[in-house]
Amino acid sequence: MKLNPVSFVLITFIFVSPFILFAQPQSDSSKTIDTIQSIQSMVPDSIKSTDSLSTEKITQAIEEDSVKTEMKFSAKNEVYDANGIDERRPGRATLLELLGKVYNKSFNIKLDAHISTEDVNAMQAVDQISLNAEFYNYGGIIIGDIIPKFNEFCLNGINLRGVDANLQFSVFRLQFSGGFIKRAADSNETNINGSYLRSMFAGNLSIGSEKSFIFKVGLLKIKDDTSSISHPGRTKPEENLVGSTSFLLNIFDGKLKWSGETDISGFTRNMYSDVYGGELKIGSKPLFTGRLSSRMSKAFNSKLELKLDRFSLTGNFKRVEPGYTSLGTVRQDNDYQEYNVESRYSLFQRIISGRTSFGYRYDNLDNSKIATTELMKFIQTAFFNLSKVFSFSASYNMFYNANDITSNDTVMSPLHSTTQNISISPMFLFGSPSFFNRLSLTGFYSVNTDAVSVNNMNFENINLIFFYGVSIGDDFTASLSNNQTRLIQKDNSQTINSTDIAIEPLFYNRKLGVKLKGTFSYSEQVYFENVTINDHWEAGIDINFRMAENEILSLQLRSTWHNPERSGGFDEFRWFLNYSREIF
């Protein structure tokens, strides 16, 4: 039986509501005192004077064990209109939100539901619904929309509609995730796009404790349903199997940590290609089918961390072999090797602090491509907190890029470039708790040297940024910033001046429960010849009316104009009406 979002919310509310109804009397202070007095009446006089059964301790024990509830409901209606461009949102959308929590010292049950009329057929649904039950000593389970994570190269950061459960006992922990994803795809049918229904199942078993040593082994299986699209086009159904192992070694009370992972992936780009290599089975069930479009590859990651009171050092090494693919990650680069080292420090009672980092990365590990790309970076940043009024930061960054062509049959030329920049940013803070000012000035110098390419690019870039902000209590804030960029390339130079203004006045009447806030911002970019190349205006107003202590009705209006006086300009208008109520 398939439940729609509204049915899911209703069923969940029926499940949670008994906790809400029966839990309320536990929080009544008079009944708590009665309970304490009844307990104390049963205690012999000989031990009543001891601290073990004091009123404060009994009250604390009852409050910790009592079931507490929280709930928030909100409804938002949005209207959108645009001129000069295609509408980027539906003209009207409604969003319902329901957040509920039932908890005590042993468990925590949360409901998080976001139901919207806006949806994208070929992608993941906009609606987000999840029920999370956590039992502190045994594990927990999440049902609905989840984002499970095993490690970096196996399962990490994808939106899944299904179940994520973990069970822990002693030094063992078992995690299981399963559900479905949608993947946009084209179709041979005219003007028809569809989406593959992609099933995902993953398991992860770990042994050990984070205080000392943990070892994990996991398996991920993702497969497209070939019947999801009746006439598939260029986008073919895919299959992916990933085996993963990882570890964490923690010594010297967390001062030194060593972690790492190794992942092996089998990936089939086209499930319609011929079988080649047979099937991998568990019992009689096929786990992965080798085909002509299949390939095997691996990824490796290792990290060493040293953390002291005022100094830390981190080293990280990654290697992802060509062709490695895990469909359980949001974005996966393959064919690269990377080193990163970073240190952080603080001196003189944290008056001076800083960060130094170095990184190097290159690809084309098996020389199968005609080009090899190298990236190198060095960053040095220092912060000086000299007083409550004055502080500044200074940084030096260096980036090196190289693209070497390894084939003599191409007309492309290699590209080498080194970019260096220096930044100094003093900041002044002055005023009082009711009148606060901030002034910062940033000088930024960047130069690109040793550049060799078809166009022989050499350029310098000089930025000067000025920012001033002022606030009077919580009722008024304003800021002004100016950024002047000078770009020098060969015999040509140009200057672009950018100005940004933002003002936010606020009116608040506590007796009426009305809060009125206005917003205005303006940004402009102008060439040194006084030719405006870009200007952007935005204005808005927020009205909040507190109908009760836990009930708010608000109206928000936003209007945007981009290049209003030139061709290609556009304007957008949005307004929101929102109602929210909290129940404790």
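Thresholds applied
Residues numbered from 1 in each chain as written. Predicted model: local features only at pLDDT ≥ 70, side-chain atom pairs only at ≥ 80, totals over all residues. Heavy atoms only, no water. Helix = DSSP H or I, 4+ residues; strand = E, 2+ residues; numbered from the N terminus. Contact = heavy atoms within 4.5 Å. Areas by Shrake-Rupley, 256 points an atom, 1.4 Å probe, with all protein chains shown as cover. Buried < 20%, exposed > 50% of the residue type's maximum accessible area, 1.4 Å probe, protein only. Polar contact = N/O pair within 3.5 Å; in protein donor to acceptor, adjacent residues only side chain to side chain. pLDDT = per-residue confidence, 0-100. Pairing = 2+ DSSP bridges. Salt bridge = Lys/Arg side-chain N within 4 Å of Asp/Glu carboxyl O. Core = buried A, V, L, I, M, F, W, Y, C linked by side-chain atoms within 4.5 Å. Phe/Tyr/Trp six-rings, centres within 6.5 Å; stacked < 30°, edge-to-face > 60°. Lys NZ or Arg CZ within 6 Å of the ring centre and 35° of its normal.

Participant: Can you tell me about the overall build of the protein, naming the residues and giving the values?
Facilitator: Helix and strand content of the protein: three helices and 28 strands. Intrachain contacts of the protein at a sequence separation of at least 6 include 50% that bridge at least 24 residues. Element-wise, carbon and sulfur atoms account for 58% of the exposed surface of the protein, whose accessible area totals about 34800 Å².

Participant: I'd like to hear about the side chain of Ser246, residue by residue, with values.
Facilitator: Residue position: Ser246 is located in strand S10 (residues 239-251). You can call Ser246 buried: its relative accessible area is 12%.

Participant: Break down unusual backbone geometry for me, with residues and values.
Facilitator: If you check the backbone angles, Ser170 has positive phi at about 55° while not being a glycine. Relative accessible area serves as the criterion here: at 75%, Ser170 is assigned to the exposed category. The backbone of Asp253 sits at a positive phi, close to 55°, despite the residue not being glycine. Mapped onto the secondary structure, Asp253 falls in the loop between S10 and strand S11 (256-268). With a relative accessible area of 78%, Asp253 lands in the exposed category.

Participant: I'd like to hear about the environment of Glu97, residue by residue, with values.
Facilitator: You can see Glu97 is positioned in strand S2 (residues 92-103). According to the relative accessible area criterion, Glu97 is partly exposed, its value standing at 24%. Residues Glu97 and Ser116, 19 residues apart in the sequence, show an inter-C-alpha distance of 8.8 Å. Here His114 takes part through its side chain, which lies 3.4 Å from a polar atom of the side chain of Glu97.

Participant: Lay out the confidence of the model for the protein with the relevant residues and their values.
Facilitator: With 76% of its residues at a pLDDT of at least 70, the protein reaches an overall mean of 80. Note that residues 1-33 has pLDDT below 50 and, in this model, 28 contacts with residues that lie over four places away or in other chains. The model gives residues 451-457 a pLDDT under 50, and that stretch makes 14 contacts with residues more than four places away or in other chains.

Participant: Can you break down the pairing of strand S14 (residues 294-307) residue by residue, with the values?
Facilitator: As judged from the 13 bridges shared by S11 and S14, these two strands associate in the antiparallel manner. Looking across to S14, one finds that Leu256 is bridged to Leu306. As paired strands, S14 and strand S15 (residues 311-320) are joined by nine bridges and run antiparallel to one another. Residue pairing for S15: Lys307 is matched across the bridge by Ser312.

Participant: Kindly report on the pattern of salt bridges, identifying the contributing residues and their values.
Facilitator: All told, the structure shown has 22 salt bridges when counted by the stated rule. Linking Glu279 and Lys281 is a salt bridge whose minimum nitrogen-to-oxygen distance equals 3.9 Å. Bridged by salt links that share partners, the residues Arg331, Asp333, Glu338 and Arg361 form one connected network.

Participant: Give a description of the nonpolar core that names residues and reports values.
Facilitator: As a rule of thumb, soluble globular proteins bury nonpolar side chains together. In terms of nonpolar packing, the biggest core is built from 19 residues, with Phe153, Leu155, Met200, Ala202, Leu220, Val320 and Tyr324 touching the most fellow members. At the level of secondary structure, the elements contributing two or more residues to this core comprise strand S8 (194-209) and strand S9 (213-224). In contact with Phe153, not counting residues within four places along its chain, are Glu261, Asp263, Ala299, Phe300, Asn301, Lys318, Val320, Tyr324, Ser326, Thr329, Gln332 and Tyr336. Val102, Phe107, Ile109 and Ile129 belong to the second largest nonpolar core, which has 11 residues in total.

Participant: Which residues make up the side chain of Lys318, and what values do they have?
Facilitator: Within the element layout of this structure, Lys318 appears in strand S15. Here Glu152 takes part through its side chain, which lies 2.9 Å from a polar atom of the side chain of Lys318. Dropping the residues within four chain positions of it, Lys318 is found in contact with Glu152, Phe153, Phe300, Asn301, Tyr336, Gln337 and Glu338.

Participant: An account of the environment of Ser479 is needed here, citing residue identities and associated values.
Facilitator: Summarising the element assignment, Ser479 is placed in strand S23 (residues 476-489). With a relative accessible area of 23%, Ser479 lands in the partly exposed category. The sequence separation of Ser479 and Leu439 amounts to 40 residues, and the corresponding C-alpha distance is 9.6 Å. Among residues more than four places away in sequence, those in contact with Ser479 are Phe467, Tyr468, Gly469, Asp500, Ile501 and Ala502.

Participant: Describe the pairing of strand S17 (residues 352-363), naming the residues involved and giving the relevant values.
Facilitator: Successive side chains on a regular strand alternate, one facing one side of the sheet and the next facing the other. In this structure, strand S16 (residues 336-347) lies alongside S17, joined through 12 bridges in antiparallel fashion. Counted as the bridge partner of Ser346 is Ser353 from S17. What sits between the antiparallel neighbours S16 and S17 is a turn of four residues, in which Phe348 has the positive phi angle 55°. Here 11 bridges tie S17 to strand S18 (residues 371-384), and the two strands are oriented antiparallel to one another. Directly across from Tyr360, in S18, lies its bridge partner Met376.

Participant: Account for the packing of aromatic side chains, naming residues and giving values.
Facilitator: To describe a pair of aromatic rings, one takes the distance between the centres and the angle between the planes. Taken as a whole and judged by the stated rule, the model has 12 aromatic pairs. With centroids separated by 5.0 Å and ring planes inclined at 80°, the aromatic side chains of Phe247 and Trp258 adopt a geometry described as edge-to-face. With Phe247 in strand S10 and Trp258 in strand S11, this pair connects stretches of sequence that are 11 residues apart. Judged by relative accessible area, which is 25%, Phe247 ranks as partly exposed. Assessed through its relative accessible area of 40%, Trp258 is described here as partly exposed. Each residue in the set Phe384, Phe390, Phe392 and Phe428 is aromatic and connected to the rest through ring pairs, giving one cluster. The positively charged end of Lys101 is found above the aromatic ring belonging to Tyr103, 4.8 Å away from the centroid. For the cation-ring pair, Arg361 lies above Tyr336, with the distance from its terminal atom to the ring centre recorded as 3.8 Å.

Participant: Would you mind going over the environment of Lys68 in detail, with residue names and values included?
Facilitator: Along the chain, Lys68 falls in strand S1 (residues 68-83). Residue classification places Lys68 among the partly exposed residues on the basis of a relative accessible area of 30%. Separated by 37 residues in the primary sequence, Lys68 and Lys105 have C-alpha atoms spaced 9.8 Å apart. One polar contact links Lys68 to Ser66, side chain to side chain, over a distance of 3.5 Å.

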